[in-house]
Amino acid sequence: MASLVARDLKQRHVVRHRWSLVEGIDLPLGRKVAADQIQTEWDEHIADFHAVVRFEQGRLHVARHTDTAARNVIFYNGADQGQFSVVTGEGFVIGSTIFQLEAVSSEPTPDTASSSRTQFFTAAHLRTQLSPADEHLDVVNTLLKQLAGRQTDIDAFEHQIVQSLRRVVRRADFAAVLQIRGPEVKSRAAAGDLPICQPLVLDACRRQMLVAHRWGGKPGELYPNVGGAAWAVCAPIICSVETDGDYAIYLSGAKAPIGKPRDPRALPDDQLSLVAIVADILQSVRTFHDLSHCHSSMQEFFPKPIRDLLLQRRPDDVFETAEVPAAIMFCDLRGFSRFTAQQAGDLLPAWERIKQALTLMTEAITSQAGCIGDFQGDAAMGFWGWPRRGGGERLADDVRAACQAADTLRERFYQRSREKSGPLASFACGIGIAAGPVVAGMLGTHDQRKIGVFGPAVNLAARLESMTKQLGASILLDEQAMEALEASGSELASRVRLLASIQPVGLDSPLPVYELMAPSHTREALTPQLVRLYEVGRQAFESGNWPEAREALRRLALSGDGPSSFLLGHMEGLRSPPKDWAGRVVLTSK
């Protein structure tokens, strides 16, 4: 027997309703279904007819109602799913209600078609019958110690189980852990040599009850005798992953258990209790194993700082959405769009090269404890400032980390681009960094959510990254990021210069744009004398003294300085600035 329990999603102790489930019956679920069905009139987020549930062979099968499938959201394992199955202890969420499948304990119930030599037990009942000997406790204690380790070898654990049970249940000539997929019964770990009574195993899994049978040599017995076994016990284990099938612990012996000659029991109650407890332990280990596998497969979907925090804090605390001051970094691969267009007929090789670039971007960001907020084609966005890891962090620290990541990324791209036969040969990376208040955390809707950031600083960082192409610079900063970097005391601040006052497309006012210049040991580095010369040229440009500006900037442009060429291009064809000159560059394209 099983029941479906509805609880309030935010107050799990509040039970809304409990329904007893009947094997093999389809039950509609919704606010306006019949009173003897799964009626949920309290939750306005649940549709009038939202889903159909069916309890069968220990699992609750859930299917979204097809007439309104687009609106009938059902969350299972963190994602909206239209059809799935849950086992005892699992649940699913609709609206503000969580539904959970629970087992209902009962007394041992012999089947009407069975003989008195066949007994069926729930695990809950058998736990109440335990009067363990020291050796029974030793088996349980040894197995439980295995759970204390960080990782359990599931195959070795199953072999340990069968060896331990054969040692304690002395009349058992055979013990095994079985896997059942449909009508197929396969032994995963075994000790001893007796055939398996497959009908008994399948019946135990169908009923989801422990079956204990003792053959009496009479016709009409519930299960056929195989290999001359005198008795057999099978304890089923529901697997949390339905496609894996079920599992079971199976024991049998060629000699009848010691006891009264007319005793119809397969094993004494204390030994049956031990088998049931060991089955529970194995089910817990398998569930933990499945969850660990799922956890490992999901790791790559979270930024490394988030993964680290999840080991220390509750998920609700880590993923809390909040308004915070943050540093945002956009980085984009230069020259790859044309290459991708040329490879339109064979995109996989192009994607392999893009992955190389995204790997460099990701490593640079996460090495400075930043989070990856998004990937867009051959571009990546990283951010700092969320989640907060404790008191003491400042925006200055986050901007310093972002600038350090950008500086590292520029150097690595330069090195990889010089490898003539490498995947990133001749490519470069443009980077924009902005700082300011953002909304950060789990963004999106109930249908789909992701870790991200939202706010003007995000848009500004993207604009700055795009402007690196026009200005001929690799790393651009906005004014708030520049000021925060200076406040951090980092030596990186000594390599920042003001390029110009620029009004991007779509903005009503100009903004100061700064460059984080290359370090002195690189080929692109400017000497202190050239940096001062650029400042002279910039001031002359903004004040309207264009002849002086041209004279200073041409010397720099000849050395390959991109921003100098950009300002010279703005003055091209004009002897003097226009009458409404305000010292700013108004961009006409992105």
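See the structure shown above.
Now for a description of the structure that goes with this document. Each chain carries its own residue numbering, running from 1 in the direction its sequence is written. In keeping with the model being predicted, local features are shown solely for residues with a pLDDT of at least 70 and side-chain atom pairs are shown and tallied solely at 80 or more, while totals for entire chains, interfaces and linings include all residues. Only heavy atoms go into the side-chain values, all of them from the structure, while hydrogens and water stay out.

Our next topic: the sheet that holds strand S16 (residues 231-237). Only strands that DSSP links by at least two bridges are regarded as paired with each other. Labels follow the DSSP assignment, with helices taken as runs of H or I lasting at least four residues and strands as runs of E lasting at least two, numbered in each case from the N terminus. Reading across the sheet, the 6 strands line up as S12-S15-S16-S17-S13-S14 and stay open at both edges, with antiparallel pairing between neighbours. In this open sheet, the two strands that pair with only one neighbour each are strand S12 (118-121) and strand S14 (184-192). Direction aside, the axes of adjacent strands within the sheet are offset by 15° on average. Alignment of strand S13 (residues 174-181) against S14, held across 8 bridges, turns out to be antiparallel. Each residue of the ladder has a partner; that of Val177, found in S14, is Ala189. Where helix H3 (residues 154-168) meets the sheet, its contacts fall on S13, S14 and strand S17 (246-253), and the angle it forms with S14 comes to roughly 60°. Note on geometry: axes are lines fitted to C-alpha atoms, helical ones only across the stretch in contact, with angles between N-to-C directions running from 0 to 180 degrees. Note on definitions: a residue-residue contact is assigned when non-hydrogen atoms from the two residues lie within 4.5 Å.

What follows deals with the sheet that holds strand S6 (residues 59-64). Here 5 strands make up an open sheet; going across it, the order is S4-S3-S5-S6-S9 and the pairing mixed. Looking at which strands have only one partner, the edges of the open sheet turn out to be strand S4 (38-39) and strand S9 (83-87). Where S6 meets S9, 5 bridges bridge the pair, whose relative direction is antiparallel. Bridge pairing links Leu60 to Val86 in S9.

Definition used in this section: a nonpolar core is a set of buried Ala, Val, Leu, Ile, Met, Phe, Trp, Tyr and Cys residues joined via side-chain atoms within 4.5 Å. Partly exposed describes any residue whose relative accessible area lies between the buried limit of under 20% and the exposed limit of over 50%, with all areas from a 1.4 Å probe on protein chains only and scaled to the type maximum. Residues Ile328, Val438 and Ile502 are the most contacted members of the largest nonpolar core, which totals 48 residues. Considering every element that reaches this core, the biggest residue donor is helix H11 (residues 456-471), with 7 residues. Ile502 has contacts with Met467, Leu471, Pro510, Leu511, Val513, Phe566, Val585 and Leu587, leaving out every residue within four places of it along the chain.

Moving on to the side chain of Arg410. Structurally, the position occupied by Arg410 is in helix H10 (residues 395-417). The residues touching Arg410, leaving out its near neighbours within four places in the chain, are Ser474, Ile475, Arg495, Leu516, Met517, Ala518 and Pro519.

Take the state of the cysteines next. Here, a disulfide means two cysteine sulfur atoms that sit within 2.5 Å of each other. Within this structure, the stated rule accounts for 0 disulfides. This cysteine, Cys197, is not joined by any disulfide, and Cys234 carries the nearest cysteine sulfur, 9.5 Å off. Since its relative accessible area comes to 0%, Cys197 is described here as buried. Between Cys205, a free cysteine, and Cys234, which holds the nearest cysteine sulfur, the sulfur-to-sulfur gap is 5.5 Å.

Turning to its location among the elements, Leu526 is positioned in the loop between strand S25 (511-516) and helix H13 (528-543). Remark: the alpha-carbon pair of Leu526 and Gly560, spanning 34 residues in sequence, is separated by 9.8 Å. In this structure Leu526 touches Arg497, Met517, Val531, Leu556, Ser559 and Asp561, once residues within four positions along its chain are discounted.

Another aspect to go through is the packing of helix H9 (residues 347-367) against H10. At a minimum axis distance of 8 Å, the contact between H9 and H10 shows a crossing angle of 150°. For the element pair H9 / H10, the angle class is roughly antiparallel. Pair H9 / H10 crosses with right-handed handedness. Mapping the contact onto sequence places Gln356, Ala357, Leu360, Met361, Glu363, Ala364 and Ile365 in H9 and Ala405, Leu409, Arg412, Phe413 and Arg416 in H10. All amino acids are sorted into three groups, where Ala, Val, Leu, Ile, Met, Phe, Trp, Tyr, Cys and Pro are nonpolar, Asp, Glu, Lys and Arg are charged, and the leftover types, Gly among them, are polar. Within the contact of H9 with H10, the residues separate by chemical class into 8 nonpolar, 1 polar and 3 charged. Roughly parallel here means an angle under 35 degrees, roughly antiparallel means over 145, roughly perpendicular means 65 to 115, and every remaining angle is called oblique. Should the near helix be turned counterclockwise from the far one by less than a right angle, the crossing is left-handed, whereas a clockwise turn marks it as right-handed.

Moving on, we come to the pattern of salt bridges. A carboxyl oxygen of Asp or Glu within 4 Å of a side-chain nitrogen of Lys or Arg is what we treat as a salt bridge. This model, assessed by the stated rule, comprises 20 salt bridges. In this structure, Asp203 engages Arg206 in a salt bridge whose closest nitrogen and oxygen atoms are separated by 2.8 Å. Pair noted here: Asp203 and Arg206 are both in helix H4 (residues 198-207), with a separation of 3 residues, about one helical turn. Owing to a relative accessible area of 11%, Asp203 belongs among the buried residues under this scheme. Overall, the relative accessible area of 42% leaves Arg206 in the partly exposed class. Across the salt bridge formed by Arg538 and Glu542, the nearest N and O atoms sit 2.9 Å from each other. Of this pair, Arg538 and Glu542 both sit in helix H13, 4 residues apart, which is roughly one turn of the helix. The exposure class of Glu542 is partly exposed, given its relative accessible area of 25%. Here the salt bridges do not stand alone but share partners, grouping Asp407, Arg410, Glu491 and Arg495 into one network.

Any link to function would need more than the numbers given here.
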